[in-house]
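Architecture and fold: a report
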Amino acid sequence: MAEELETLSSKELHDRAIERAVRHLDIGFLWRLLKAIPAAEAAAGHQDQAEADVSHLSSILNEFAHAGDGDVADALRPLYIEYLRRTES
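Note that the structure is a prediction, hence the values are computed from the model and not measured. (Residues numbered from 1 in each chain as written. Predicted model: local features only at pLDDT ≥ 70, side-chain atom pairs only at ≥ 80, totals over all residues. Heavy atoms only, no water.)

Considering the confidence of the model for the protein chain
On average, residues of the protein chain score 83 in pLDDT, and 83% of them reach the 70 mark or higher. Ranking the helices and strands of the protein chain by mean pLDDT puts helix α2 (residues 10-23) first, with 92, and helix α4 (residues 47-55) last, with 64. (pLDDT = per-residue confidence, 0-100. Helix = DSSP H or I, 4+ residues; strand = E, 2+ residues; numbered from the N terminus.)

And the structure:
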């Protein structure tokens, strides 16, 4: 299981974690993800977007919808892997 998760793309990890959280109504994980997005934006070099995320909830919700894309998804990989390992075992 752990090795399988490491081989998935960041987009696949995102989709799998979100699907699982929604299916199980895991609001705690979704909230942790929302709080992690600004830091992931900054780590991915999107400092201007990170600042906007902190300032505007609508911006965070928009980023939530795109948290599985590109370098932001890569920055969020550890969160997705940790969640999937904890909930799928």
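A few points about the nonpolar core
L13, F29, L33, L76 and Y80 are the most contacted members of the largest nonpolar core, which totals 21 residues. Among the secondary structure elements, those contributing two or more residues to this core are α2, α3 (27-43) and α6 (70-88). Per element, the largest residue contribution to this core is 7 residues, and it comes from α6. Leave out the neighbours within four places in its chain, and L33 touches I18, F64, L76, L79 and Y80. (Core = buried A, V, L, I, M, F, W, Y, C linked by side-chain atoms within 4.5 Å. Buried < 20%, exposed > 50% of the residue type's maximum accessible area, 1.4 Å probe, protein only. Contact = heavy atoms within 4.5 Å.)

Some words on the packing of α2 against α6
Two packed helices can be described by the angle between their axes and the distance between those axes. Where α2 meets α6, the closest approach of the two axes is 9 Å, and the angle between their N-to-C directions is 45 degrees. Relative to α6, the element α2 is oriented oblique. Handedness of the crossing formed by α2 with α6: left-handed. Of the residues in α6, those in contact with S10, L13, H14, R16, A17, R20 and A21 of α2 are A73, D74, R77, Y80, I81, Y83, L84, T87 and E88. Here the residues of the contact of α2 with α6 sort into 8 nonpolar, 3 polar and 5 charged. (Axes fitted to C-alpha atoms, helices over the stretch in contact; angles between N-to-C directions. Parallel < 35°, antiparallel > 145°, perpendicular 65-115°, else oblique. Left-handed = near helix turned anticlockwise from the far one by under 90°. Nonpolar A, V, L, I, M, F, W, Y, C, P; charged D, E, K, R; others polar.)

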